[in-house]
Amino acid sequence: MNQADMSRCVEEFQRDGVTLLRGAFSDWVDGARRAIEENKSKPSWRERTYRPDDGGAAFFQDYCVWSQFDGYRALVEDSPMAELAAQLMQSSSARIFHDHVLVKEPGNSVVTPWHQDKPYYLVDAERSVSFWVALDPVPRDRTIEYVAGSHSWGKSFKPQRFDGTDLYEGDSSDVVPDIDNNRDDYNILGWAVEPGDAVAFQFGVLHGAAANSSPDRRRVISLRWVGDGATFAKRPGKTSPAFPDLHYSDGAPFEGADFPQLYPR
Ligand SMILES: O=C(O)CCC(=O)C(=O)O
């Protein structure tokens, strides 16, 4: 990507909370696709696959597996992702937080509801970015969507699992507004994507994605990064993803072997 394009992306990312990086990871698509097949046959203990009641195709998800499969590791360590993360976040450093693998098989009926990522996580980060890397073509009507600017609302909405259950028991925070029935009230952004394109977005921006009502697979890996000043955050329950063996105190600097700083090396 040339300097002018990158400057425009940084501006959009700061203003809207989201931007599109065309073709940024094309060279890592084949490896990541291979890793998905390996991962599906050897899921981690964090795997969460939704099998809809309608008997339709599955929605495979796994987390925190980037260092276990060569194709994922290459995408994280060998691609320009760490440096792009630092540039987008306007940070002098970039640290990998985790990955989230999302495979909506052909005909999968699970809609990813509107949500923000930050209340699910054990990290508080003013500088954050997820790269939603497409490994299949996804047309505009089935792609991930964002409410532009919602990262700046100063809100933290109630986190719920994708099946609609609350993540934290007794959580009294506000529920996400009914965006689908009031779409004209929001500036909703989304792009048709090709394999190797990435949508980069902040942990605080509202987003959701359609079901996969097509005969094609929708394979994605979402890689999460944080920048300068990130700290651990204690939440009122088990975070998603969960790190049951990790001991940390609220407000401590976010670091450790699970979360290596990859920019600068
Ligand atoms: O791809 C999807 O269905 C949702 C992805 C998502 O919510 C994320 O990457 O944070």
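Along each chain, the written sequence defines residue order, and numbers are assigned to residues from 1. Residues qualify for local features only when their pLDDT is at least 70, as the model is predicted, and side-chain atom pairs are given and counted only at 80 or more; totals for whole chains, interfaces and linings, by contrast, use all residues. Calculated side-chain values reflect all of the structure's heavy atoms, with hydrogen atoms and water omitted.

Concerning the overall build of the protein
This is how it is decided: Segments assigned H or I by DSSP are reported as helices when at least four residues long, segments assigned E as strands when at least two residues long, and all are numbered from the N terminus. Radius of gyration: C-alpha atoms only; globule rule: 2.2 Å multiplied by the number of residues to the exponent 0.38. Note on classification: 1.4 Å probe, protein chains only; a residue is buried when its accessible area is under 20% of the maximum for its type, exposed when over 50%, partly exposed between these limits. Residue exposure ignores everything except the shown protein chains as possible cover, and the areas themselves are Shrake-Rupley values with a 1.4 Å probe. In this tally Asp and Glu are treated as negative and Lys and Arg as positive; neither His nor the chain ends contributes. Where a charge sits is defined by one atom per residue type, namely NZ (Lys), CZ (Arg), CG (Asp) or CD (Glu).
Looking only at helices and strands, the protein has 4 helices and 13 strands in total. By the compact-globule yardstick of 18 Å for 265 residues, the protein fits well, its C-alpha radius of gyration being 17 Å. Once the C-alpha set of the protein is aligned to its principal axes, its extents read approximately 45 × 45 × 40 Å. The buried share among the 265 residues of the protein stands at 54%. Taken as a whole, the protein presents about 11800 Å² of accessible surface, with 44% of it coming from carbon and sulfur. The centroid of the 29 positive side-chain charges in the protein is displaced by 2 Å from the centroid of its 41 negative side-chain charges.

So, the packing of aromatic side chains
Convention followed: What counts as a ring pair is set by centres within 6.5 Å for rings of Phe, Tyr and Trp (its six-membered ring), and what kind of pair is set by the plane angle: stacked under 30 degrees, edge-to-face over 60, tilted for all other angles.
Counted according to the given criterion, the structure contains 17 aromatic pairs. Centroid distance Tyr 121 to Phe 203: 5.0 Å. Interplanar angle 80 degrees. Geometry classified as edge-to-face. With Tyr 121 in the loop between strand 4 (112-115) and strand 5 (123-124) and Phe 203 in the loop between strand 9 (198-201) and strand 10 (207-209), this pair connects stretches of sequence that are 82 residues apart. Residue classification places Tyr 121 among the buried residues on the basis of a relative accessible area of 3%. A residue is classified by how much of its surface remains accessible, and Phe 203, at 2% relative accessible area, is buried.

Brief notes about the sheet that holds strand 4
Two strands in a sheet stick together by hydrogen bonds in their backbones, pointing the same way (parallel) or opposite ways (antiparallel). Which entries qualify depends on this criterion: At least two DSSP bridges between two strands are needed for those strands to be called paired. In this description, a line fitted to the C-alpha atoms serves as the axis of each element, helices being fitted only across the stretch in contact, and the angle between N-to-C directions of two axes falls anywhere from 0 to 180 degrees.
Strand order across the open sheet formed by 4 strands is 4-10-7-8, with antiparallel pairing between neighbours. Only two strands of the sheet have a single neighbouring strand rather than two, namely strand 4 and strand 8 (188-190). Ignoring strand direction, the axes of neighbouring strands in this sheet form an average angle of 20 degrees.

Observations regarding the site of the ligand
For clarity, the cut-off: By convention in these notes, a residue is near a molecule or strand provided one of its non-hydrogen atoms lies within 4 Å of it. As used in this structure description, the phrase polar contact means that two N or O atoms lie within 3.5 Å; if the pair is within protein, one of them must be able to donate a hydrogen and the other to accept it, and residues adjacent in sequence are counted only when both atoms belong to side chains. Method remark: on a 1 Å grid restricted to protein atoms, a set of points is classed as a cavity if a 1.4 Å probe fits but cannot get out and as a pocket if it is open with protein on both sides within 12 Å along at least five of seven lines; lining residues have an atom within 4 Å of a point. Assignment of a molecule to a cavity or pocket requires that more than half of its atoms lie within 2 Å of the corresponding grid points.
The environment of the ligand is formed by 13 residues, the closest being Thr 112, Trp 132, His 207, Arg 218 and Ser 222. In the environment of the ligand, an oxygen atom lies 2.9 Å from a nitrogen or oxygen atom belonging to the side chain of Arg 218. Burial of the ligand by the protein chains amounts to 100% of its free accessible area of 290 Å². Of the pockets mapped on this structure, the ligand occupies the largest pocket.

Details of helix 2 (residues 29-41)
As a reminder of what qualifies: A helix is expected to span 1.5 Å multiplied by its residue count minus one. The arc refers to the directions leading from the helix axis to the C-beta atoms. Two residues qualify as a contact provided that any one of their heavy atoms is within 4.5 Å of a heavy atom in the partner residue.
Taking 1.5 Å of rise per residue, the 13 residues of helix 2 would be expected to cover 18 Å, and the 19 Å separating its terminal C-alpha atoms lies within 8% of that figure. All buried positions along helix 2 are accounted for by Val 29, Gly 31, Ala 32, Ala 35, Ile 36 and Asn 39. Summarising the axial view, the buried residues of helix 2 lie within an arc of 155 degrees, below the 170-degree limit, and thus occupy one face. Exposed residues pointing more than 90 degrees away from the buried face of helix 2 are listed as Asp 30, Arg 34 and Ser 41. In this structure, the buried residues of helix 2 make contact with strand 2 (59-63), helix 3 (70-77), strand 3 (94-104), strand 6 (128-134) and strand 11 (218-226).

Examining the nonpolar core
Among soluble globular proteins, nonpolar side chains are generally buried collectively. Here is the rule we go by: We call a set of buried Ala, Val, Leu, Ile, Met, Phe, Trp, Tyr and Cys residues a nonpolar core when their side-chain atoms join them within 4.5 Å.
Membership of the largest hydrophobic core comes to 39 residues, with the highest contact counts inside it found for Phe 25, Tyr 72, Leu 88, Val 129, Phe 131, Val 133 and Trp 225. When residues of this core are traced back to their parent elements, those giving at least two are helix 1 (3-16), helix 2, helix 3, helix 4 (81-89), strand 3, strand 6, strand 9 and strand 11. When residues of this core are assigned to their parent elements, the largest contribution, 7 residues, is made by helix 4. For Phe 25, the contacting residues outside a window of four places in its chain are Leu 75, Ser 79, Pro 80, Met 81, Leu 84, Phe 131, Val 133, Gly 196 and Ala 198.

Quick notes on the layout of surface pockets
A water-sized probe rolled over the atoms picks out the places where empty space is left. Note the threshold: Grid points are joined across faces, edges and corners, and a volume is the space filled by probe spheres set on the points. Three classes are used, and their members are as follows: Ala, Val, Leu, Ile, Met, Phe, Trp, Tyr, Cys and Pro are nonpolar, Asp, Glu, Lys and Arg are charged, and the others, Gly among them, are polar.
Of the pockets and cavities examined, the largest pocket occupies roughly 540 Å³. In this structure, the largest pocket is lined by 32 residues; those nearest its centre are Arg 48, Tyr 63, His 100, Ser 240 and Pro 241. Sorting the residues of the lining of the largest pocket by element identifies strand 2, strand 3, strand 4, strand 10 and strand 11 as the ones contributing at least two each. A breakdown of the residues in the lining of the largest pocket according to their chemical character gives 14 nonpolar, 10 polar and 8 charged. Estimated volume of the second largest pocket: approximately 300 Å³. Its residues assigned to classes, the lining of the second largest pocket comprises 5 nonpolar, 6 polar and 4 charged.

Fair warning: the whole summary comes from geometry, so function is off the table for now.
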